[in-house]
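# Structure at a glance
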Amino acid sequence: MTELLKSLCELNAPSGSEANVAEFIKTQIDGFCEYKTDNLGNIIAFKKGKNTSAKKLMVDAHMDEVGIIITYITAEGFLKFKTVGTIDTASLMGKRVKINSEITGVVGSKAVHLISAEEAKKCPEKESLYIDIGAKSKAEAEEIISLGDYGVIDEPFIVSGEKVMSKAIDDRIGCAILIKLLQMTSEYDFYATFTTGEEIGLRGAKTAAYSVNPDSAIILEATTAADIAGVSKENRVCVLGEGAAVSFMDRATVYDRAYYNAALNSGIKCQSKCAVTGGNNSGVVHLNRNGVRTLSISVPCRYIHTASCVADKRDFESALTLSKYMINKICSGSLE
Amino acid sequence: MKEIKELLFSLCERDAVGNVSSAADFAFEILKKYTQAEKADNLTVIGTLKGESEYTLMLDAHIDEVAFVVTDVDDEGFLTVAKCGGIDLRTLPAKRVTVHGKEKVTGVFCSAPPHLSDGETEYSDISKLKIDTLLGGKAKEIISVGDFVTSDTSPASLLSDRVTSKAVDDRAGVVCLLELARRFSGKKLPITVKFAVCDAEELGTRGSKTAAFRINPDEAIAIDVSFGDGPDISKEECGKLSEGAMIGYSPALDGVISKKLTNIAKENGIPAQSEIMGARTGTDADVISVTRQGVRTGLVSIPLRNMHTAAEVVDLKDIKAVCDLLEKYILSGGVMND
């Protein structure tokens, strides 16, 4: 799983530029299922199981990651940008970027010697940030950069004991789990959707859910873990190494309680997501057509939406095992 | 330019602060090839090339980088650190670091979880910015209070001859020393040159203070970086990247040296610009000049963007310009006869 996750995380795909991730996923699932790509770039796959499912189930993970998009080139050759998805200003300042997966740049940050004590306390307006690719003029920058080009904060994937650190774990870990589920033999038929545009408003999942028209859905995600120094227990949301996090409610969805309970009572190591924060594709999937019973299984992830997300390998296995268990549980009709 | 780039990358991918010496060790190995080299205080390394005259010019650059030192290791594997040098705290969240414990550990500065930050986070206290070692409870076995922490950022090429890395401040200056040692090696020099790769500039120009005392030079030139241009810096506060060596003019510097450097640049078509400072320079030049009975001191700087961050940007052509300028200057005998 870690090797697969690494390959996925090393691809750069801010919302709107997911094609490379989609191509890679197709090489992984080819021969294990039927699939097609829709107008928004979603992969919609059908996995034939040993048995016909009592419920039409859609298992979803999103392919896109947060990133940047180039909006303007100054006369001096600096690039102005907007974030694609939510990125904290401090995690952009003084960081390395990769544009179009090949051009290196840095987010400029005035020397500490030249800022006032007041200025030093607060992050500047995001709009004041710029990228330096070493160009000396607009013309030089324009030779290799076009407006609308995408970039990411660029950090390598590393493994440290049970932990991994990388960009884009949100939600390549969901993609990795979904690939594994498709590669395995399944007891029941189910649909798998690898979707686009989650970070800019759950866009791909909306049309994918419409096409699949499911009765039930499982959303595979990465979610904020705040189990870090200085954060009290009740604010930690979920904890690395304690298994997949299962949500009862977030800012977009109140989840199906029977599914939630079944996951917690599965005997597989998992935890409740203990806060009503964030949101994911469930927000649009559970409201599809006549409504969809929805479960969210998430891998706890520190420093989410930065290029140094930290997650625990043991939670990947928990999420995979729990997903498999819940597919069978839902598809067998035992949760009616 | 290829040699300069290789030297800079080799120096910048290594570390130097406190007892972390890999960059200083590298500089020592190179200096040994071309000069009579010795290890002086802590990380400070001095190479000597004897000239026809005993008149001694100390060529200074500092090897240390801005960094951190561990002040606490907690049971969950998070570190509290203090700063070694001036650092903009706002650039730290989600920044990767190397912790130099019993073994090297890759960690990351925690970034505030979105649900707990209202977008108004105040950055005024380094002790509130913890480092996640990813080791959990095992951190205490590997990391101790007093261990140093450096930026985990390797050098990379940008367009043309521009590159980015951590620690370009002042590895770019050290490159000049090593490159000049190479150019001068085996050549007849009019004066004796001491190549001083100094420690602890970022903690208050400490290494060059003792190095200058030890060398007791007649003249010194410090090579450091200075502010390069950017959209958020007023033009009078900075030099311009790719426009050559910044020749320092300041009441704390020897005016004859400054003028001679400017003249040599003009005569030889070496790209150069003036950097005028109202008082002290904030570099090793400040302490070298007041060593013992006083030392005639000059300062040549390399324009650098985003100073003291892991996103420093420099133009290799500017480093080369400094090398070319100081090569001519030293071959002319410095200010021995002026």
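### Here's the deal with the overall build of chain B
- The helix and strand inventory of chain B stands at 8 helices and 17 strands.
- Here the C-alpha atoms of chain B give a radius of gyration of 20 Å, agreeing with the 20 Å that 2.2 N^0.38 yields for 338 residues.
- Expressed along its principal axes, the backbone C-alpha trace of chain B runs to roughly 65 × 40 × 40 Å.
- The buried share of chain B, reckoned over its 338 residues, is 64%.
- Restricting to contacts in chain B with at least 6 residues of sequence separation, those with at least 24 account for 76%.

### Regarding the domain arrangement of chain B
Residues and elements named next belong to chain B.
- Taken domain by domain, chain B holds domain 1 (2–65 + 166–331) and domain 2 (67–151).
- The C-alpha centroid of domain 2 is placed 31 Å from the C-alpha centroid of domain 1.
- Opposite the 12 residues of domain 1 that make contact, domain 2 presents 11 residues.
- Between domain 1 and domain 2 lies a buried interface of about 930 Å² when both sides are counted; carbon and sulfur atoms form 65% of it.
- In terms of surface lost to domain 2, no three residues of domain 1 exceed Asp15, Val17 and His308, which account for 38% of the buried area on that side.
- Inspection of the region where domain 1 meets domain 2 yields 0 salt bridges.
- Run the count over domain 1 and domain 2 and you get 3 residue pairs in polar contact (both at pLDDT 80 or more).
- Its residues assigned to classes, the side of domain 1 that touches domain 2 shows 4 nonpolar, 4 polar and 4 charged.

### Side note on the sheet that holds strand 14 (residues 245–249) of chain B
All names here are of chain B.
- The strand order across the open sheet built from 8 strands is 1-2-12-3-13-16-14-15, with neighbouring strands paired in mixed fashion. Of all strands in the sheet, those bounded by a partner on one side alone are strand 1 (36–39) and strand 15 (272–276). The average undirected angle you get between the axes of adjacent strands in this sheet is 25°.
- In this sheet, strand 13 (residues 219–227) lies alongside strand 3 (residues 56–62) in parallel orientation, the contact comprising 4 bridges. Bridging across to strand 13, Leu57 finds its partner in Glu219.
- Helix-sheet contacts for helix 4 (residues 168–184) involve strand 2 (45–49), strand 3, strand 12 (192–198), strand 13 and strand 16 (296–304), and the interaxial angle to strand 3 is about 145°.
- Against the sheet, helix 5 (residues 207–215) touches strand 1, strand 2, strand 3 and strand 12, its axis set at about 165° to strand 3.

### What to know about the domain arrangement of chain A
Residues and elements named next belong to chain A.
- By the assigned domains, chain A splits into domain 1 (2–65 + 167–331) and domain 2 (67–153).
- Summarising the inter-unit geometry, the C-alpha centres of domain 1 and domain 2 are found 31 Å apart.
- With 12 residues of domain 1 at the interface, the matching set in domain 2 holds 12 residues.
- Here domain 1 packs against domain 2, burying approximately 890 Å² in sum over the two surfaces, 61% of which is carbon and sulfur.
- Taken as a group, Asn12, Pro14 and His305 account for 46% of the area that domain 1 buries against domain 2, more than any other trio of residues on that side.
- Joining domain 1 to domain 2, the criterion identifies 3 residue pairs in polar contact (both at pLDDT 80 or more).
- Looking at the side of domain 1 that touches domain 2 residue by residue, the classes come out as 3 nonpolar, 6 polar and 3 charged.

### Here we look at the environment of Ala22 of chain A
Residue and element names in this part refer to chain A.
- For Ala22, the position within the fold is in helix 2 (residues 19–29).
- Judged by relative accessible area, which is 5%, Ala22 ranks as buried.
- With 290 residues separating them along the chain, Ala22 and Asp312 place their C-alpha atoms 25 Å apart.
- Setting aside chain neighbours within four positions, we find Ala22 in contact with Ile43 and Met63.

### Focus: the interface of chain A and chain B
- With 59 residues of chain A at the contact, the number on the chain B side is 61 residues.
- Taken together, the two surfaces of chain A and chain B that pack against each other cover about 4800 Å², and 59% of this comes from carbon and sulfur.
- Where chain A packs against chain B, one counts 5 salt bridges.
- In this structure, Glu155 of chain A engages Arg96 of chain B in a salt bridge whose closest nitrogen and oxygen atoms are separated by 3.8 Å.
- Counting across the interface, chain A meets chain B through 20 residue pairs in polar contact (both at pLDDT 80 or more).

### What to know about the nonpolar core
- Leu59, Ile63, Phe195 and Ile319 of chain B are the most contacted members of the largest nonpolar core, which totals 69 residues.
- For this core, the leading source of residues is helix 4 of chain B, giving 10 residues.
- Apart from residues lying up to four places away in sequence, Leu59 of chain B is in contact with Leu177, Leu180, Val193, Lys194, Phe195, Ala196, Ile221, Ile223, Leu326 and Ile330 of chain B.
- Counting residues in hydrophobic clusters, the runner-up holds 60 residues, among them Ile25, Val246, Ala319 and Cys331 of chain A.

### Notes on unusual backbone geometry
- Along the chain, Asp170 of chain A connects to Asp171 of chain A via a cis peptide bond; the corresponding omega equals 10°.
- Position of Asp171 of chain A among the secondary structure elements: in helix 5 (residues 169–183).
- Cis geometry is found at the peptide bond from Asp169 of chain B to Asp170 of chain B, where omega equals 10°.
- Structurally, the position occupied by Asp170 of chain B is in helix 4.
- The phi dihedral of Ser101 of chain A is positive, around 60°, even though this residue is not glycine.
- Mapped onto the secondary structure, Ser101 of chain A falls in the loop between strand 6 (96–99) and strand 7 (103–107).

### Observations regarding the sheet that holds strand 8 (residues 131–132) of chain B
Residue and element names in this part refer to chain B.
- The strand order around the closed barrel built from 6 strands is 4-5-8-7-6-9, with neighbouring strands paired in antiparallel fashion.
- Pairing of strand 7 (residues 104–109) with strand 8, which is carried by 2 bridges, proceeds in the antiparallel orientation. Looking at the pairing, Val108 lines up with Asp132 of strand 8.

### What about the pairing of strand 1 of chain B?
All names here are of chain B.
- Of the strand pairs in this sheet, strand 1 and strand 2 are connected by 4 bridges, and their pairing is antiparallel. Note that in strand 2 the partner of Lys39 across the bridge is Val45.
- Where strand 1 folds back onto strand 2 in an antiparallel hairpin, the turn is made up of 5 residues, including Asn42, whose phi is positive at roughly 40°.

### What about the pattern of salt bridges?
- Enumeration over the complete set of coordinates arrives at 40 salt bridges over all chains.
- The salt bridge partner of Glu336 of chain A is Lys55 of chain A, with a shortest N-O separation of 3.3 Å. Of this pair, Glu336 of chain A sits in the segment after helix 9 (313–331) while Lys55 of chain A sits in the loop between strand 2 (43–47) and strand 3 (57–62); the two residues are 281 residues apart in sequence, bridging distant segments of the chain.
- A salt bridge links Arg293 of chain A to Glu336 of chain A, with the nearest nitrogen and oxygen atoms 3.5 Å apart. Residue Arg293 of chain A is located in strand 16 (residues 293–301), and its partner Glu336 of chain A is located in the segment after helix 9; the two are separated by 43 residues in the primary sequence.
- The class of Arg293 of chain A is partly exposed, set by a relative accessible area of 25%.
- Take Glu336 of chain A: its relative accessible area is 55%, and that puts it in the exposed class.
- Through salt bridges that share partners, Glu179, Arg182, Arg183, Lys320, Asp324 and Glu327 of chain B make up one connected network.

Quick notes on the rules
- Residues numbered from 1 in each chain as written.
- Chains lettered and ligands numbered in written order.
- Predicted model: local features only at pLDDT ≥ 70, side-chain atom pairs only at ≥ 80, totals over all residues.
- Heavy atoms only, no water.
- Helix = DSSP H or I, 4+ residues; strand = E, 2+ residues; numbered from the N terminus.
- Rg over C-alpha atoms; globule rule 2.2 N^0.38 Å.
- Buried < 20%, exposed > 50% of the residue type's maximum accessible area, 1.4 Å probe, protein only.
- Contact = heavy atoms within 4.5 Å.
- Domains from an automatic or database assignment.
- Buried area = accessible area lost by both parts, 1.4 Å probe.
- Salt bridge = Lys/Arg side-chain N within 4 Å of Asp/Glu carboxyl O.
- Polar contact = N/O pair within 3.5 Å; in protein donor to acceptor, adjacent residues only side chain to side chain.
- Nonpolar A, V, L, I, M, F, W, Y, C, P; charged D, E, K, R; others polar.
- Pairing = 2+ DSSP bridges.
- Axes fitted to C-alpha atoms, helices over the stretch in contact; angles between N-to-C directions.
- Core = buried A, V, L, I, M, F, W, Y, C linked by side-chain atoms within 4.5 Å.

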